[in-house]
Every structure is written in structure tokens, then in C-alpha cells.
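Here's the letter readout for the chains.
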Amino acid sequence: MKRIFFISAILALAFTFTANVFAQKPKASWHGLFYIYNFFSKNTDFDKNTPDGNSYMYIHGDIQYNVDFGKGVSVYTMIGAWGQHGINPYWGTDLQGNPDPDVRILQGYLTVSHIFDTPFSIRMGKERLLYGDGTVFFDGGEDGALQAKIMYNKGPLDVDVFYSRLAQSHGIAYVGAATYNGYDVSKSDLYPGNINLMTVYGTYHAMNKKLNISGYGVIRPQNINKNQTSRPIWLGARVAAAPVSGLDLTGEYTLLRGKNDAASAKNYKGYALVGMADYTPSNSPLSFGGAYVAFSGDKTTTKDDNELYESATNGPFTFGFYKDWPGFGPAHVMTTAYGFAGLDPGNLTMTNLNVLNAHAKFTAGPLAVRLDFYNYSRNWVPTNGHAAMGNEIAGLVTYNYRKTITFGFTGGLWMPGDYWKKDQSLGNNAGNALGGYFYFAKEF
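Because the structure is a prediction, the values reported are computed rather than measured.

Draft legend 1. Main features of the overall build of the chain. Secondary structure assignment for the chain yields three helices and 21 strands. The C-alpha atoms of the chain give 24 Å as radius of gyration, which agrees with the globular expectation for 444 residues (22 Å, within 12%). Each of the 444 residues in the chain was classed as buried or not, and the buried ones make up 42%. Taking all contacts inside the chain whose residues are at least 6 apart in sequence as the whole, residues at least 24 apart take part in 58%.

As C-alpha cells, then:
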């Protein structure tokens, strides 16, 4: 009932404040985004005896328009498509019978800003979902998530309170099903229920936004059956600071608590820790930095607890988007599902993970070159297990052509450690993994 009241209140406010402004002449603006990534990978299972490897083209194209009706009321829509392209132009499908992605509404929402000249605004519709680096939630950067949101913005304080529908269960196709073509209660809209998020995320800006302190709480309820509901909870804090010129520091700590799904009936007891630092000396073409990231792993020695950390959306960890794509090194990214580095329990190389990173970057006009070193290890290791997953050496080259468009290339070589050689029994068959991509992107 609380969720229904919350959404109903936002809808009532929106309709009240839009009724008297649509008669005005709206102001419309539009722009778009187009990018192409050509991914490649080889031996990402680390087994030299399997000749795995491929390349594929990933394309995103969208048109965006914003219509301002005045008095703080606006509507934003993004229409486009994204994903792997590669159909045969004659067959209309690829070799597995799949078509290219279809165009749809990627984002679309109504905003009513500063209601009655107060610090409060409301928004509802389908919107991108990203706070920080995606430690808690990130939708992936393509499609948004359905949301109803109240925003408070005054002085140094910003607070977002929102309800998100991460995944719909049944819905319109089941309306009236139990009483259509005869009476059959087995056709009713039953469990499992929708996956939802209820979130409070606040940020305090200090020192002219050189210090930003955030705190948040997130609940992800899902009805499993009449008597059981999965309710993981995320509680955390994030600090982003630039204490001196050229220095950027980021720290975040998140606790995962609450009850696991009914199948395992365990308690969540995970955590995530993120620390990053970057420094660019004044008037220097060189910059450098480092990072430590930890995502807790499930201890098989505890029966009632699940310590494995996952994000609320199971979406990508961005690591600052340094290579214009989420995730750690490019070879590491190509070992994760769909190459998206999701904090998803199914991602063997993304969860139960510790990452050490060191990097340096050289910039000369339109050309930039960055080198990265990564050390990957398991966060929790069973008795007689091995933590070392190996090291990756990666490079990134970008070039801004006549201040118009940026072209980039990144590639990485992941050398396997004892986790692959001993725990996965590859031994001398363990080989290096290779991954990366060419890309360009252009907003207009």
C-alpha cells in the first residue's frame, strides 16, 4: 500500500501542475548520439586447447528531444537501438537466426521542477540509473529503468527519493486472463512478483563542490510467493574530493544486508570497498594514479549467510569509464557476460574479486596514451584454494580528430594465475587471454 500511495501521489502532483501549462507554446530541442565499438577476444576461457575467439560490432544510435512547456514542466525522450549488429543483408538474421536490435524508447520521462517555487521536483517515466561508479546500481548505460522520483535540491544538499521497477513480472498480458474464455484461476497473475527498488540517495557538496559526501540506502523487494519476499538492503557512503589542484580522490564503502531469495533462505552479508586516486601535475603532459577495489565473496563455511557482494541492478561497475566503457582491463571485460562487467552473482571474474590497479597517462595535443597494470585475486578463498587470478597489462590510445570526433583503441593481455592453473585444473594448458576493441563516439 505504501508503494501504491507513493506513486499515486506523484502522478496526482504531475497532472495538477501540467494541466495549466500545455496551452503555452512549447520550446523543443533535440540532439543525438552515435557510436560504434568493434570488440575482439581470444582465449578468454584461459584454456589453450580450445580455439575460442571472435570479433563483433556493437552499435548505438539514438535521437533525443526535450520539450519545455514552461513553468518547470518538460518531457524528455530518447528513441534508439543498441547492441550487436551483424545480420546477413539477404537473410535478415545472423548465423544463429538473430535479427539486429530494434528501435524503441530508451528513455522517456516527465519532469516538474521546483513545485510552487520550492526545492522539490518530481519525475516519472523511464530514466537512466547511475550513481557514483555503479557500486550500488547502474542500468548499463543503454536502456533506462522505470522510475517515480522526488528530488530535493537546495544549497549544498541534493536528495533523490525514488521507486524503480527493475523488472516487470507478467502485467498487461495477464489482465483479465482468469475470466476470459471461461473461468480459470490458474491463469491469474501470480508469483514471482516484480523486482523493485526503493532508494534514498543524498549528496552534500562542500568547498565549492571540491568535496562531495554521499549517503544512501536501497531496498530491493521481490515477492517469491505468498509468504516469502526477498529483501536485500544496501547501505553505504561515498566521498569524492579534489583537495588540491590536479588531485582527485574517491572512496566508497557499501554493506549488503537483508534476506536472500527463498530458494537458499540465507542472509546477505556482503560488502564492497572502492578507493581511487588520480593526479595530474600542473602544466604536465603526464598523469598517474591507482586504485583498490574489493567485492566480498561467499564463504562456503557459513551455512546461514551469503557474503557474496552483488549490486542492486547486477549492472556494470564503471571504474570511472576511463576507456569509454565500464569495467576494469579490456581483457578482463571480455571474460564477463556480454562484455559488460556486471556485478552479477553469475559473473565468475567480477564477483568475489580484489583488484589492484596502477596507471599512467601521456597527453600530447589530440593524442593520449594510457598504460594500466591490474592484479586480480579472489576475495575469499577456501582451504587449499588459490587467490591469484593473474595480472593484466593494458593500453589505451585515443585521438581527437580536428576537435570533432575521438577515435580510440584499447587492448589487454591477462596472464593467468594459480586460480586458473590449479583450482580450475588447467595446469600447463593455461594460456593468456586477449581482449579489446576499436571505437568512436559522436554526440550531436
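Draft legend 2. Focus on the side chain of Ser-121. Following the sequence through the fold, Ser-121 ends up in strand β5 (residues 120–127). Residues in contact with Ser-121, not counting those within four places in the same chain, are Val-112, Ser-113, His-114, Lys-149, Ile-150 and Met-151.

Draft legend 3. Representation of the environment of Thr-398 in the model. Along the polypeptide, Thr-398 turns up in strand β19 (residues 388–401). Residues Thr-398 and Pro-366, spaced 32 residues apart in sequence, show a C-alpha to C-alpha distance of 8.0 Å. Once residues within four sequence positions are removed from consideration, Thr-398 is found in contact with Pro-366, Leu-367, Ala-368, Thr-406, Phe-407, Gly-408 and Tyr-439.

Draft legend 4. Structural view of the pattern of salt bridges. As enumerated under the stated definition, the model contains ten salt bridges in all. A salt bridge links Asp-418 to Lys-422, with the shortest nitrogen-to-oxygen separation between them at 3.8 Å. Placement of the pair is Asp-418 and Lys-422 together in helix α3 (residues 418–423), with a separation of four residues, close to one helical turn. According to the relative accessible area criterion, Asp-418 is partly exposed, its value standing at 29%. Ionic contacts of the salt-bridge type, sharing partners, join the residues Arg-104, Lys-126 and Asp-143 into one network.

Draft legend 5. Region of the structure containing the environment of Leu-130. With respect to the helices, strands and loops of the structure, Leu-130 is situated in the loop between β5 and β6 (145–154). For the pair Leu-130 and His-205, spaced 75 residues apart in sequence, the C-alpha to C-alpha distance is 18 Å. Each residue touching Leu-130, except ones within four places of it in the same chain, is listed here: Phe-137, Phe-138, Thr-318 and Phe-321.

Draft legend 6. Here's a closer look at the pairing of strand β18 (residues 367–378). The pairing of strand β17 (residues 353–364) with β18 spans twelve bridges and is classified as antiparallel. When the bridges of β18 are listed, Ala-360 appears paired with Leu-371. Counting the residues between successive antiparallel strands, the hairpin from β17 to β18 contains two residues, one of them, Gly-365, with a positive phi of roughly 65°.

Draft legend 7. Structural view of the nonpolar core. Among the nonpolar cores identified, the biggest contains 54 residues, and Phe-137, Phe-295, Phe-317, Phe-319 and Phe-328 are the most heavily contacted of them. No other element matches strand β1 (residues 27–42), which puts four residues into this core. Not counting residues up to four positions away in its chain, the partners in contact with Phe-137 are Leu-129, Leu-130, Tyr-131, Phe-162, Leu-197, Thr-199, Val-218, Ala-312 and Thr-313.

Draft legend 8. Up close: a nonpolar patch on the surface. On the surface, a nonpolar cluster with roughly 800 Å² of combined accessible area is contributed by Trp-30, Phe-34, Ile-63, Tyr-65, Ile-79, Val-103, Ile-105 and Phe-444. Of all elements in the fold, only β1 and β2 (53–70) reach the threshold of two or more residues within the nonpolar patch. With respect to the helices, strands and loops of the structure, Trp-30 is situated in strand β1.

Draft legend 9. Focus on the pairing of strand β15 (residues 286–295). Strand direction decides the pairing type here: strand β14 (residues 270–279) and β15, joined by eight bridges, are antiparallel. Within β15, the position partnered with Asp-278 by the bridge is Gly-289. In textbook terms, the turn of a hairpin is the stretch between consecutive antiparallel strands, and for β14 and β15 this stretch comprises six residues, one of which, Asn-283, has a positive phi near 60°. Relative to β17, β15 runs antiparallel, the two sharing ten bridges. Following the sheet pairing, Val-293 is matched in β17 by Val-355.

Draft legend 10. Expanded view of the side chain of Asp-47. With respect to the secondary-structure elements, Asp-47 resides in the loop between β1 and β2. Among buried charged residues, Asp-47 stands out as having no salt bridge; its nearest opposite-charge side chain is Lys-48, 8.2 Å away. Among the polar contacts made by the side chain of Asp-47, one reaches the main-chain amide nitrogen of Asn-49 at a distance of 2.9 Å. Residue contacts for Asp-47: discarding those within four places in its chain leaves Asp-52, Leu-426 and Asn-429.

Draft legend 11. Region of interest: the confidence of the model for the chain. Per-residue pLDDT for the chain averages 93, and the proportion of residues at 70 or more is 94%. Considering only residues more than four positions removed or in separate chains, one finds that residues 4–23, a stretch of pLDDT under 50, has 31 contacts.

Rules and cut-offs
- Just so you know, the residues in each chain are numbered from 1, in the order the chain's sequence is written.
- Predicted model: local features are reported for residues with pLDDT of at least 70 only, side-chain atom pairs are reported and counted for 80 or more only, and whole-chain, interface and lining totals are derived from all residues.
- Side-chain calculation: all heavy atoms of the structure are included, whereas hydrogens and water are not.
- Each helix is a run of DSSP H or I of at least 4 residues and each strand a run of E of at least 2, with the numbering of both proceeding from the N terminus.
- Radius of gyration means the value over C-alpha atoms here, while the globule rule gives 2.2 Å times the residue count to the 0.38 power.
- The rule is simple: take the accessible area with a 1.4 Å probe, protein chains only, and divide by the maximum for that residue type; under 20% is buried, over 50% is exposed, in between is partly exposed.
- Any two residues having at least one pair of non-hydrogen atoms within 4.5 Å are treated as being in contact.
- By salt bridge we mean one thing: a side-chain nitrogen of Lys or Arg within 4 Å of a carboxyl oxygen of Asp or Glu.
- When DSSP finds at least two bridges between two strands, those strands are taken to pair.
- What we call a nonpolar core is a set of buried Ala, Val, Leu, Ile, Met, Phe, Trp, Tyr and Cys residues that are connected through their side-chain atoms within 4.5 Å.
- Candidates for patches are residues over 30% relative accessible area with no salt bridge; among them, like charges are joined within 9 Å and nonpolar side chains (Val, Leu, Ile, Met, Phe, Trp, Tyr) within 5 Å.
- Areas reported here follow the Shrake-Rupley algorithm with a probe of radius 1.4 Å; residue values treat only the protein chains shown as occluding.
- A positive count includes Lys and Arg, and a negative count includes Asp and Glu. His and the chain ends are not counted in either.
- Pairing of N or O atoms within 3.5 Å defines a polar contact, subject to two protein rules: one partner must be a possible hydrogen donor and the other a possible acceptor, and residues neighboring in sequence count only if both atoms are side-chain atoms.
- As a per-residue quantity, pLDDT reports the predictor's confidence and falls between 0 and 100.

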